[in-house]
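Summary of structural features
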Amino acid sequence: MTAVASRASAFGDGDGQHAPRLTIGEVLTVLREDFPDVTISKIRYLESEDLVHPQRTPSGYRKFSAADVARLRYVLAAQRDQYLPLKVIKEHLDALDRGEPLPGQAPAAVAAGGGEPEEGSLPADQFGQAAGLAPEQLADCVQFGLLAPDGDGRHPVADLPVARAAAGLARHGIEPRHLRIYQSGAEREAGLIEQLVAPVLRARSEEARARATEKLRELAGLSAQLHGALLEARLRDLLRP
């Protein structure tokens, strides 16, 4: 199976999905609805990292297919929502190209972009229901700084992972008031990462900012990985005779 054919299996079958129709400016317009921070420089950078493969016209202009746009959506969502570094995202794409589903998700689902909305906000009752938090538990999460509703009492959909983790811990008897240690730890980690990338984020070059944003996401992912590894190591100590 050729590389193009294998990509078809993960990001839409049929010649129509791979017909190069869109200019890079048109792709930017399509993506900005869901990813307002994306730029032309970012798209070019992802191409340079071999994550998307637009065709070129005889005069050298890029032409993107619907499948290319689906790949870009996957990359941008993985960076934004999971803080995955590009190296890991590329491994995921390679697996999808080979027809191998990711853990808990089939290639068709990735291509279609299914699932709950990733942006916007919900009223408190709907947010709590989606997270599995009782009203009083949600109120405690707000009181202790884990969640922050807006002036209308609505909660960002992006905060659902935090709320769901709090709900899961509550089922084990760990209440929101016990979770302040996680909040303060996250703030210290964020401050450390900010010191590393802040000078580059102030750069005027869009390409420099794109690289700085990628560095920020990679550092966040590594920080989460280190936190999890240290916690697991400490818990293993508790099980030793």
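Please refer to the structure placed before this passage.
**Focus: the overall build of the chain**
- In terms of regular secondary structure, the chain is built from 11 helices and four strands.
- A total of 241 residues make up the chain; the buried ones form 31% of that total.
- Contacts in the chain between residues far apart in sequence, at least 24 positions, make up 62% of those at least 6 positions apart.

**Some thoughts on the environment of Arg171**
- Its place among the elements puts Arg171 in the loop between helix 9 (160-170) and helix 10 (180-201).
- Classification of Arg171 as exposed rests on a relative accessible area of 65%.
- Once the C-alpha coordinates of Arg171 and Leu133 are considered, the two residues, 38 residues apart in sequence, prove to be 9.9 Å apart.

**Considering the side chain of Asp68**
- Among the secondary structure elements, Asp68 is positioned in helix 4 (residues 66-82).
- Looking at Asp68, its side chain comes within polar contact range of the main-chain nitrogen of Ser65, at 2.9 Å.
- Setting aside its immediate chain neighbours within four residues, Asp68 contacts Val52, His53, Pro54 and Lys63.

**Things to note about the packing of helix 2 (residues 24-32) against helix 4**
- Relative to each other, helix 2 and helix 4 sit at 45°, their axes nearing to 11 Å. By the angle class used here, helix 2 and helix 4 are oblique. For the pair helix 2 and helix 4, the sense of crossing is right-handed. Contacts from Val27, Val30 and Leu31 of helix 2 reach helix 4 at Val69, Leu72, Arg73 and Leu76.
- Per-class residue counts for the contact of helix 2 with helix 4 are six nonpolar, no polar and one charged.

What counts and how
- Residues numbered from 1 in each chain as written.
- Predicted model: local features only at pLDDT ≥ 70, side-chain atom pairs only at ≥ 80, totals over all residues.
- Heavy atoms only, no water.
- Helix = DSSP H or I, 4+ residues; strand = E, 2+ residues; numbered from the N terminus.
- Buried < 20%, exposed > 50% of the residue type's maximum accessible area, 1.4 Å probe, protein only.
- Contact = heavy atoms within 4.5 Å.
- Polar contact = N/O pair within 3.5 Å; in protein donor to acceptor, adjacent residues only side chain to side chain.
- Axes fitted to C-alpha atoms, helices over the stretch in contact; angles between N-to-C directions.
- Parallel < 35°, antiparallel > 145°, perpendicular 65-115°, else oblique.
- Left-handed = near helix turned anticlockwise from the far one by under 90°.
- Nonpolar A, V, L, I, M, F, W, Y, C, P; charged D, E, K, R; others polar.

That is the geometry; function is a separate question.
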